[in-house]
There are 2 protein chains.
Amino acid sequence: MLEDKTPQRTSLSQLGEFGLIDHLTKNFDVKQPSTLKSIGDDAAVLDFKDKKVVVSTDLLIEGVHFDLSYMPLRHLGYKAVVVNVSDICAMNAKPTQITVSVAVSNRFPLEALEELFDGIALAAKFYNVDVIGGDTTSSQKGLIISITAIGEANEVDIVYRDGANNGDLLVVTGDLGSAYMGLQVLEREKQVFQVNPNNQPDLDAYTYLIERQLKPEARHDIKDLLEKLEVKPTSMIDISDGLSSEIIHICKQSKVGCNLYEEKIPVDPQFINVCEEFNIDSTTVAINGGEDYELLFTIALEDFDKIKANPNFTVIGHLTQESEGIHLVTRANTKIPLKARGWDALSEE
Amino acid sequence: MLEDKTPQRTSLSQLGEFGLIDHLTKNFDVKQPSTLKSIGDDAAVLDFKDKKVVVSTDLLIEGVHFDLSYMPLRHLGYKAVVVNVSDICAMNAKPTQITVSVAVSNRFPLEALEELFDGIALAAKFYNVDVIGGDTTSSQKGLIISITAIGEANEVDIVYRDGANNGDLLVVTGDLGSAYMGLQVLEREKQVFQVNPNNQPDLDAYTYLIERQLKPEARHDIKDLLEKLEVKPTSMIDISDGLSSEIIHICKQSKVGCNLYEEKIPVDPQFINVCEEFNIDSTTVAINGGEDYELLFTIALEDFDKIKANPNFTVIGHLTQESEGIHLVTRANTKIPLKARGWDALSEE
């Protein structure tokens, strides 16, 4: 049917709602044993046997959470899945299913939605999650994506935000701040492009940062890794809004204080170079940047030996009594109260 | 804190994202034993023990799915829950949890969101479902609501769309078409209001229709009722897009045909009166109207005696071999092929 149309721009109205859903979801295989019934009925049916079920949801709005002028639709689809899978990983659970709802305005041809769903399918395959349902509808303006992620875990393995104790170590996976600086690079290039559309940008010096922004990955490897090391975190959260914001969440819910050490915060050399180029303080970005989708967790002090040699983990601080407050200890050894704030709020000071 | 502000219009930016979520969700109690952890972590944690898990999701967009000029926000919140709970009921499962994501533009004050969440809370209480998570963000335009509903059922009780057999009876709960005519009444009043804002409409003759449109209910009573009658449907679906569309879904997925009898379709007397007033063919609306959220199901012929005296159920047709096709048998005893089409498509003929 579709082959008769102009291959580049097929109007969504040619397919109709049910035709569109069939077309976009036909490549979604069922791989999880817990998926009894996937797309095609009023609801999906799942069977988790003796496992607990973990559920998280996120809403992504064009112009608020992403800018299609530098975010290719395939990457956006991939990232939308990652953001939700990351929340399941932050519970120390295994992601198993997602539902995907999409609303688009008429300006999107079928081929654009195919790109988006290609990215969703790629991420679903990589993270081994089944796409079990969703909704496709029209919007008044722009693209809207709503994803709900479902995971499973043994009750004893689940890690909440409120289990951290005075004396625990604060640990982070990977490195921080690069996703934010990748966004700064892309926004600068967009402005250059608007002035001179013929300008061909040389982005070789920014590849890592741009990849961290456009194709982040959820740390679905950490659950198995910690299991092998025989470490169960006392609390855990994923870094979506920025390190300081997440530390404050853990401290408030666990009723503890924290000392975060500036010199310990892991960053990439490319990140340092680009912060200098942009004349931005790298620590401020590493602390407030967001969208890194690394995991932040706390462990008992006696578990330190088990993780200290592992390149995936960096100890960046330790927890204190609640009354001591939440502080950044700078390289100059001064203590600054940590606040949850994005870059924009900071730059007004 | 809030008491110091002007009570009528509190800007959302005064609260911030986390403050807003805390404020809007503070009244959501946990009632379901399957909810181990609700709002407040990266994800909710649920425990269904030996039950199967049923999941459905819907995305509602202002200007596409609802019009705030005649849909009060409290009703909208209520209806958004109903639409999703109805999908769980259509699996013959018991709704247990929902997640609620909302995006709003800056034109909405806090008080508007409070109205919306009051409606959501009211429906959650009525249907005994826990609100276990969600997301609150800004939109570029209008109000966007994404709800995922979760339910539980014994595997043996779950009813799919694909189990109908040749010779089965086609049964519907309640009556049809009124929600659509309620919408017509509201749209007419909106136009009258735009011409003369001082005109006070007298809507007494339309109360049932308007209630069906603004405050529909999901048939969460039907599962227990069928259990008491010892009837397990062979297939089931909820009527959201219109009777003809849902019959076609069941027939296609079950590989059967169907004869639907015009004279059997249950409608309310007020509905008939208003169709006459609007000069619209009542059968066309009853078949294509949508948004009634009644349940359509099929039963084995030998179960007829168990349901025939029950005022909740009307037998409206019977299933045939697939090769016989899907037809409406009119009062004049002519057979017309049934098509899935909304009112707008029809009116072009």
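Residues numbered from 1 in each chain as written. Chains lettered and ligands numbered in written order. Predicted model: local features only at pLDDT ≥ 70, side-chain atom pairs only at ≥ 80, totals over all residues. Heavy atoms only, no water.

Asker: Tell me about the overall build of chain A, and name the residues and values.
Answerer: From N to C terminus, chain A includes 11 helices and 13 strands. On C-alpha atoms alone, chain A measures out to a radius of gyration of 22 Å, which is about the 20 Å that the 2.2 N^0.38 rule sets for 349 residues. Looking at chain A as a whole, 58% of its 349 residues qualify as buried. For chain A, the proportion of contacts with a sequence separation of at least 24, taken over those separated by at least 6, is 86%. Carbon and sulfur atoms form 48% of the exposed surface of chain A, whose accessible area is close to 15000 Å². Looking at charge distribution, chain A has the averaged site of its 32 positive side-chain charges lying 2 Å from that of its 55 negative ones. (Helix = DSSP H or I, 4+ residues; strand = E, 2+ residues; numbered from the N terminus. Rg over C-alpha atoms; globule rule 2.2 N^0.38 Å. Buried < 20%, exposed > 50% of the residue type's maximum accessible area, 1.4 Å probe, protein only. Contact = heavy atoms within 4.5 Å. Areas by Shrake-Rupley, 256 points an atom, 1.4 Å probe, with all protein chains shown as cover. Lys, Arg positive; Asp, Glu negative; His and termini not counted. Charge placed at Lys NZ, Arg CZ, Asp CG, Glu CD.)

Asker: Requested: an account of the packing of aromatic side chains, with residues and values cited.
Answerer: As enumerated under the stated definition, the model contains eight aromatic pairs over all chains in all. Aromatic side chains phenylalanine 126 of chain B and tyrosine 127 of chain B sit 4.9 Å apart centroid to centroid with 90° between the ring planes, which places their arrangement in the edge-to-face category. Under the relative-accessibility criterion, phenylalanine 126 of chain B is labelled partly exposed at 46%. Ring centres of phenylalanine 297 of chain B and phenylalanine 313 of chain B lie 5.5 Å apart, and the angle between their planes is 90°; this geometry places the pair in the edge-to-face category. Taken together, the residues span a long stretch of sequence, with phenylalanine 297 of chain B in strand 10 (residues 295–299) and phenylalanine 313 of chain B in strand 11 (residues 313–321) at a distance of 16 residues. Of the two residues, phenylalanine 297 of chain B and phenylalanine 313 of chain B, neither departs from the other in class, the shared state being buried. An aromatic cluster is defined as three or more aromatic residues linked by ring pairs; in this entry it consists of Tyr78, Phe126 and Tyr127 of chain A. Taking the ring centre of tyrosine 78 of chain A as reference, the NZ or CZ of lysine 215 of chain A above it sits at 4.4 Å. (Phe/Tyr/Trp six-rings, centres within 6.5 Å; stacked < 30°, edge-to-face > 60°. Lys NZ or Arg CZ within 6 Å of the ring centre and 35° of its normal.)

Asker: Please provide a residue-by-residue account of the side chain of threonine 137 of chain A, values included.
Answerer: Mapping threonine 137 of chain A onto the fold places it in strand 5 (residues 130–138). Judged by relative accessible area, which is 14%, threonine 137 of chain A ranks as buried. For threonine 137 of chain A, the side chain forms a polar contact with the side chain of histidine 65 of chain B, separated by 3.2 Å. Once residues lying within four places of it in the same chain are set aside, the contact partners of threonine 137 of chain A are Val102, Ala103 and Val104 of chain A together with Leu59, Ile61, Val64 and His65 of chain B. (Polar contact = N/O pair within 3.5 Å; in protein donor to acceptor, adjacent residues only side chain to side chain.)

Asker: Quick rundown of the pairing of strand 7 (residues 169–173) of chain A? Include the residues and the values.
Answerer: Residues and elements named next belong to chain A. Burial runs high along strand 7: five of the five residues are buried. Here four bridges tie strand 7 to strand 10 (residues 295–299), and the two strands are oriented antiparallel to one another. Along strand 10, the bridge assignment pairs leucine 170 with threonine 298. With five bridges joining them, strand 7 and strand 11 (residues 313–321) adopt antiparallel strand pairing. Within strand 11, the position partnered with threonine 173 by the bridge is phenylalanine 313. (Pairing = 2+ DSSP bridges.)

Asker: Help me get a handle on the UniProt feature "binding site: Mg(2+) 5" (unreviewed entry) in chain A, residues and values and all.
Answerer: The positions UniProt marks with the feature "binding site: Mg(2+) 5" (unreviewed entry) are Asp241 of chain A. In this structure, aspartate 241 of chain A sits in the loop between strand 8 (235–238) and helix 7 (243–254). (UniProt positions renumbered as here; feature names shortened; annotations may be inferred.)

Asker: Quick one: what's the story with the interface of chain B and chain A, residue by residue and with numbers?
Answerer: Each side of the interface is counted separately: chain B has 58 residues, and chain A has 58 residues. Interface of chain B and chain A: buried area, both sides summed, is about 4500 Å²; carbon and sulfur atoms make up 55% of it. Taken together, chain B and chain A are joined by six salt bridges. Lysine 52 of chain B serves as the salt-bridge partner of aspartate 47 of chain A, at 3.3 Å between the closest nitrogen and oxygen. (Buried area = accessible area lost by both parts, 1.4 Å probe. Salt bridge = Lys/Arg side-chain N within 4 Å of Asp/Glu carboxyl O.)

Asker: Can you explain the relation of the copies chain B and chain A? Please cite residues and give values.
Answerer: Two copies of one chain are present, and they are related through a rotation about an axis combined with an axial shift. Between the two copies, chain B and chain A, the superposition gives an RMSD of 0.0 Å; the rotation angle is 180° and the shift along the axis is 0.0 Å. Seen this way, the second copy is the image of the first under a two-fold rotation axis. Most of the interface of chain B is mirrored in chain A, where 100% of its interface residues are also at the interface. (Least-squares fit on C-alpha atoms with pLDDT ≥ 70 in both.)

Asker: Break down the sheet that holds strand 11 of chain A for me, with residues and values.
Answerer: All names here are of chain A. Reading across from one edge, 8-10-7-11-9-12-13 is the order of the seven strands in this open sheet, with mixed pairing throughout. One side of each edge strand has no neighbouring strand; the edge strands of this open sheet are strand 8 and strand 13 (335–337). Neighbour to neighbour, the strand axes of the sheet diverge by 25° on average, direction disregarded. Taken together, the four bridges between strand 8 and strand 10 define a ladder with antiparallel strand orientation. In the sheet register, methionine 236 faces strand 10, and the bridge partner there is phenylalanine 297. (Axes fitted to C-alpha atoms, helices over the stretch in contact; angles between N-to-C directions.)

Asker: A description of the environment of threonine 330 of chain A should follow, citing residues and the corresponding values.
Answerer: Residues and elements named next belong to chain A. Turning to its location among the elements, threonine 330 is positioned in the loop between strand 12 (326–329) and strand 13. Taking relative accessible area as the criterion, threonine 330 reaches 13% and is therefore assigned buried. Between the alpha carbons of threonine 330 and isoleucine 120 there is a distance of 41 Å; along the sequence they are 210 residues apart. If sequence neighbours within four positions are ignored, threonine 330 has contacts with Glu262 and Ile336. A distance of 2.8 Å separates polar atoms of two side chains, one belonging to threonine 330 and the other to threonine 334.

Asker: Lay out the UniProt feature "binding site: Mg(2+) 4" (unreviewed entry) in chain A with the relevant residues and their values.
Answerer: The UniProt entry lists Asp42, Ser56 and Asp87 of chain A under the feature "binding site: Mg(2+) 4" (unreviewed entry), expressed in the numbering used here. These annotated residues cover 46 residues of sequence, and their C-alpha atoms reach 25.9 Å apart at the extremes, leaving them scattered rather than at a single site. Looking at the element boundaries, aspartate 42 of chain A is found in the loop between strand 1 (35–37) and strand 2 (44–46). The contacts of aspartate 42 of chain A, once residues within four sequence positions are left out, are Ser56, Asp87, Ala90, Met91, Arg161, Met236, Ile237 and Asp238 of chain B. Considering the arrangement of structural elements, one finds serine 56 of chain A in strand 3 (residues 52–61). The residues contacting serine 56 of chain A, other than those within four sequence positions of it, are Asn84, Asp87, Ile88, Ile147, Thr148 and Ala149 of chain A together with Asp42 and Ala43 of chain B. In terms of polar contacts, serine 56 of chain A uses its side chain to reach the side chain of aspartate 87 of chain A, at 3.2 Å.

Asker: Can you break down the side chain of serine 34 of chain B residue by residue, with the values?
Answerer: Along the polypeptide, serine 34 of chain B turns up in the loop between helix 1 (16–25) and strand 1 (35–37). Residue classification places serine 34 of chain B among the buried residues on the basis of a relative accessible area of 3%.

Asker: How would you sum up the sheet that holds strand 4 (residues 94–104) of chain A? Please name residues and give values.
Answerer: Spatial strand order, 5(A)-4(A)-6(A)-3(A)-2(B)-1(B): six strands in an open sheet with mixed pairing. In this open sheet, the two edge strands, each paired with only one partner strand, are strand 5 of chain A together with strand 1 of chain B. When strand polarity is set aside, the average angle formed by the axes of neighbouring strands in this sheet is 20°. Sheet topology places strand 4 of chain A next to strand 5 of chain A; eight bridges connect them, and they run parallel. What sits directly across from glutamine 97 of chain A, in strand 5 of chain A, is aspartate 130 of chain A.

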